[in-house]
Amino acid sequence: LSESLAVWNMCKDRGFRMKLNTVVCRTNLGDDMRELVLDLLPDRWKVFQILPVEGQNDGDVESLLITCDEFMRWVEKHTDLEAGLNPVHESNDVMRGSYAMLDALGRFYDSTEGCYTYSSHSILDVGVHEAWTEVCFDYSKFYQRDGEYAWEA
């Protein structure tokens, strides 16, 4: 932890904007992150409910899963941090279908159905617009999770 904090502070001292991602799961469900987050003071804090993705983390994630209610209780425990940090909380429902993802072959993919579904064409072959039409993307969820934001100094 001390090495991670040193690197974090080194980056901030050099003017980098810092984002903290936290995945809430069975293992850290009882954790209180207030002190750490107040020490770090990230420019953006995203809090995710652990996401099972069929075919990707099968057999490894089941013991870590939490319910939406458990996730929301964890979020509520950290509500006092909301005033200054404005964390973005993403339940599984909000995450599914709200990310634009691209694999190493240039194919878009989505997780709307709980597994990854890939476009049949690469952006390298047919262009971004055509490949994009082959995946599901929920713009309302994207905006709900504050997906569009100004990342300015």
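Residues numbered from 1 in each chain as written. Predicted model: local features only at pLDDT ≥ 70, side-chain atom pairs only at ≥ 80, totals over all residues. Heavy atoms only, no water.

Counting across every chain of the model gives nine aromatic pairs. Feature note: the residues Phe 108, Trp 132, Phe 137, Tyr 139, Phe 142 and Tyr 143 constitute an aromatic cluster, connected by ring pairs. Sitting over the ring of Tyr 149, Arg 44 keeps its end group 3.4 Å from the ring centre. Over the aromatic face of Tyr 99 sits the side chain of Arg 145, whose NZ or CZ is 3.6 Å from the ring centroid. (Phe/Tyr/Trp six-rings, centres within 6.5 Å; stacked < 30°, edge-to-face > 60°. Lys NZ or Arg CZ within 6 Å of the ring centre and 35° of its normal.)

Before going further, it helps to examine the sheet that holds strand β1 (residues 19-24). Taken together, the three strands give an open sheet; going across it, the order is β1-β2-β3, and neighbouring strands pair in parallel fashion. Looking at strand neighbours, the two that pair on one side only are β1 and β3 (88-90), the edges of this open sheet. Ignoring which end each strand starts from, the neighbouring axes of this sheet average 15° apart. As defined by bridge partners, strand β2 (residues 44-49) adjoins β3 across three bridges and the pair is classed as parallel. (Pairing = 2+ DSSP bridges. Helix = DSSP H or I, 4+ residues; strand = E, 2+ residues; numbered from the N terminus. Axes fitted to C-alpha atoms, helices over the stretch in contact; angles between N-to-C directions.)

With that out of the way, let us pick up a negative patch on the surface. Together, Glu 54, Asp 58, Asp 60 and Glu 62 make up a negatively charged patch on the protein surface. When you line up the elements, Glu 54 lands in the loop between β2 and α3 (68-77). Judged by its relative accessible area of 54%, Glu 54 falls in the exposed class. (Patch = residues over 30% accessible without salt bridge, like charges linked within 9 Å, V, L, I, M, F, W, Y side chains within 5 Å. Areas by Shrake-Rupley, 256 points an atom, 1.4 Å probe, with all protein chains shown as cover. Salt bridge = Lys/Arg side-chain N within 4 Å of Asp/Glu carboxyl O. Lys, Arg positive; Asp, Glu negative; His and termini not counted. Charge placed at Lys NZ, Arg CZ, Asp CG, Glu CD. Buried < 20%, exposed > 50% of the residue type's maximum accessible area, 1.4 Å probe, protein only.)

We now examine the environment of Asp 146. Here Asp 146 is to be found in the segment after α8 (139-144). When its relative accessible area of 32% is taken as the criterion, Asp 146 is described as partly exposed. Distance in space between the C-alpha atoms of Asp 146 and His 89 is 9.3 Å, their sequence separation being 57 residues. Beyond its immediate sequence surroundings of up to four residues, Asp 146 is in contact with Arg 44 and Val 88. (Contact = heavy atoms within 4.5 Å.)

For the rest of this paragraph, the subject is helix α1 (residues 2-13). When the terminal C-alpha atoms of α1 are compared, their 16 Å separation across twelve residues agrees well with the 16 Å that a helix rising 1.5 Å per residue should span. Two residues or fewer after α1 comes Gly 15, characterised by a positive phi angle close to 90°. (Expected span 1.5 Å × (residues − 1).)

To continue, consider the nonpolar core. Side chains that are nonpolar tend, in soluble globular proteins, to be buried together. Ranked by size, the top nonpolar core spans 19 residues in total, and within it Leu 20, Val 24, Val 37, Trp 45 and Trp 74 carry the most contacts. Among the secondary structure elements, those contributing two or more residues to this core are β1, α2 (34-40), β2 and α3. Among the elements that take part in this core, α3 stands out by supplying three residues, more than any other. Sequence-distant contacts of Val 37, defined by excluding residues within four places in its chain, comprise Leu 20, Pro 42, Trp 45, Leu 81 and Leu 85. (Core = buried A, V, L, I, M, F, W, Y, C linked by side-chain atoms within 4.5 Å.)

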